[in-house]
Amino acid sequence: MPDLIPLYSIKVKCCNCEHEFSTSRVRPSLKKAIRRDADFCAYYKNENPDYYVVRVCPSCGFASTENSADKLTELQRKAFNEQVGKRWKSRDFGDKRSWEAALETYKLALLCAQSINDKDRIIASLLHHIAWLYRYQGNTEQEQRFLRYSLDEYVKVYEKDGIGGNDARLMYLIGELNRRIGEFPVAVMWFSRLINDQKIMDAAMIRAAREQWVVLREQMRGEAVDVDADGLPSGS
């Protein structure tokens with residue numbers, strides 16, 4: 001029996017110029033990750049579905065994801081064209097993507113999202129995915145750079161939407177990204193807030209925060225950060 005072809009095509013209408021184009025996706029049956037990092041970065045045996053999240057219109061160059069708006073306003077179109085579109089040289093990202101092509105699509109999507117003043121959550125996610133792409137390549141310097149950028153955006157999301165909403169996954173991510181960039185006391189604060197808030201009922205995220213708090217405590221001890229019996233930095 002021949003191997004299942006991992007990619008299939010879907011038709012997408014560009015939310016900027018309304019041109020219809022084809023883009024590839026990984027078959028759902030092949031999307032099972034072999035492992036995941038604590039910040040949800042997934043690893044796959046074969047084709048990586050994350051490489052195909054961004055859809056790029058070959059006509060105008062607008063790059064978006066499934067979570068982007070269906071249609072741009074006139075003001076957004078103008079902003080995109082001024083900042084990105086007028087420099088676009090027609091390219092087609094519709095087929096199999098290399099790591100380099102995937103990175104290019106994410107960076108293009110980031111530019112597009114910033115140009116139209118898209119939601120902070122979408123910009124945060126794009127930055128986070130770019131950090132993952134650099135992690136796949138072992139490029140720690142660039143990974144850390146983009147983790148910091150994405151963390152700043154996630155904090156913005158929390159400040160606008162999270163307070164009162166008890167977004168446990170968002171709180172967990174902010175804690176975990178702080179841990180990953182070495183901001184240990186801030187990571188402790190976020191994990192503690194998530195674990196101790198009686199209004200939060202997301203058992204999976206509370207458990208994940210407890211697990212990462214243990215990892216964090218060991219990191220702090222390994223880097224000679226004074227911690228008390230609860231794993232908190234001394235004097236906090």
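In what follows, the structure referred to is the one given above.
Residues numbered from 1 in each chain as written. Predicted model: local features only at pLDDT ≥ 70, side-chain atom pairs only at ≥ 80, totals over all residues. Heavy atoms only, no water.

Attention now goes to the packing of helix α5 (residues 168-180) against helix α6 (residues 184-196). At their nearest, the axes of α5 and α6 sit 7 Å apart, and the two run at 160° to each other. Viewed along their axes, α5 and α6 adopt a mutual orientation that is roughly antiparallel. In the crossing of α5 with α6, the sense of the turn from one axis to the other is left-handed. Residues Ala168, Met171, Tyr172, Ile174, Gly175, Glu176, Asn178 and Arg179 of α5 lie in contact with α6, whose contacting residues are Phe184, Val186, Ala187, Trp190, Phe191, Arg193 and Leu194. In the contact of α5 with α6, the residues fall into 10 nonpolar, 2 polar and 3 charged. (Axes fitted to C-alpha atoms, helices over the stretch in contact; angles between N-to-C directions. Helix = DSSP H or I, 4+ residues; strand = E, 2+ residues; numbered from the N terminus. Parallel < 35°, antiparallel > 145°, perpendicular 65-115°, else oblique. Left-handed = near helix turned anticlockwise from the far one by under 90°. Contact = heavy atoms within 4.5 Å. Nonpolar A, V, L, I, M, F, W, Y, C, P; charged D, E, K, R; others polar.)

On to the pairing of strand β2 (residues 20-26). Across the 7 residues that make up β2, a large majority, 5, are buried. Between strand β1 (residues 7-13) and the antiparallel strand that follows it, β2, lie 6 residues; Glu18 among them carries a positive phi value of about 70°. (Buried < 20%, exposed > 50% of the residue type's maximum accessible area, 1.4 Å probe, protein only. Pairing = 2+ DSSP bridges.)

With that out of the way, let us pick up the layout of surface pockets. For the largest pocket, the calculated volume is near 670 Å³. Taken together, 29 residues form the lining of the largest pocket, with Asp50, Val53, Asn67, Ser125 and His129 sitting closest to its centre. By residue number, the principal contributor to the lining of the largest pocket is helix α3 (residues 120-136), which donates 7 residues. Here the lining of the largest pocket is built from residues that sort into 14 nonpolar, 5 polar and 10 charged. (1 Å grid on protein atoms, 1.4 Å probe; cavity = no way out; pocket = protein on both sides within 12 Å on 5 of 7 lines; lining within 4 Å. Points joined across faces, edges and corners; volume = space filled by probe spheres on them.)

Here the focus is the pairing of β1. Across 7 bridges, the pairing between β1 and β2 is antiparallel. By the bridge assignment for β2, Leu7 is matched with Val26.

Our focus in this paragraph is the packing of aromatic side chains. Inspection of the entire model under this criterion finds 8 aromatic pairs. A centroid spacing of 6.0 Å and a plane angle of 70° characterise the contact between Trp99 and Tyr134, whose relative ring orientation is edge-to-face. Remark: Tyr134 occurs in helix α3 and Trp99 occurs in helix α2 (residues 99-115); sequence separation between them is 35 residues. Taken as a pair, Trp99 and Tyr134 share a single burial class, namely buried. Ring centres of Tyr172 and Phe191 lie 6.0 Å apart, and the angle between their planes is 35°; on these two criteria the pair is classed as tilted. (Phe/Tyr/Trp six-rings, centres within 6.5 Å; stacked < 30°, edge-to-face > 60°.)

This part is about the packing of α2 against α3. Contact pair α2 / α3: the axes reach a minimum separation of 10 Å and the direction vectors enclose 160°. Taken together, the axes of α2 and α3 lie roughly antiparallel to each other. Taken as a pair, α2 and α3 cross one another with a handedness that is left-handed. In contact with Trp99, Ala102, Leu103, Tyr106, Lys107, Ala109, Leu110, Ala113 and Gln114 of α2, α3 contributes Ile123, Leu126, Leu127, His129, Ile130, Leu133 and Tyr134. A breakdown of the residues in the contact of α2 with α3 according to their chemical character gives 13 nonpolar, 2 polar and 1 charged.

Attention now moves to the pattern of salt bridges. Counted under the stated rule, the structure contains 19 salt bridges. The salt bridge partner of Arg91 is Glu104, with a shortest N-O separation of 2.3 Å. Of the two residues, Arg91 is situated in the loop between α1 (74-83) and α2 and Glu104 in helix α2; the sequence distance between them amounts to 13 residues. A relative accessible area of 37% means that Arg91 is categorised as partly exposed. Within this structure, Arg35, Asp37, Asp39, Arg135, Glu143, Glu176, Arg179 and Arg180 form a network of salt bridges that share partners. (Salt bridge = Lys/Arg side-chain N within 4 Å of Asp/Glu carboxyl O.)

Residues Phe62, Leu126, Tyr172 and Leu194 are the most contacted members of the largest nonpolar core, which totals 72 residues. Listed by contribution, the elements that provide at least two residues to this core are β1, β2, α2, α3, α4 (140-162), α5, α6 and α7 (203-222). For Phe62, the residues in contact, after removing those within four places along its chain, are Cys14, Cys15, Asn16, Arg55, Val56, Cys57, Leu72, Phe80, Cys112 and Ile116. (Core = buried A, V, L, I, M, F, W, Y, C linked by side-chain atoms within 4.5 Å.)

What follows is about unusual backbone geometry. Its identity is not glycine, yet Glu18 carries a phi of approximately 70°, on the positive side. Of note, Glu18 is situated in the loop between β1 and β2. With relative accessibility at 38%, the residue Glu18 sits in the partly exposed group. The backbone of Phe40 shows a phi angle near 80°, a positive value even though the residue is not glycine. Among the structural elements, Phe40 can be located in the loop between β3 (35-36) and β4 (42-43). Its relative accessible area of 18% is what places Phe40 among the buried residues.

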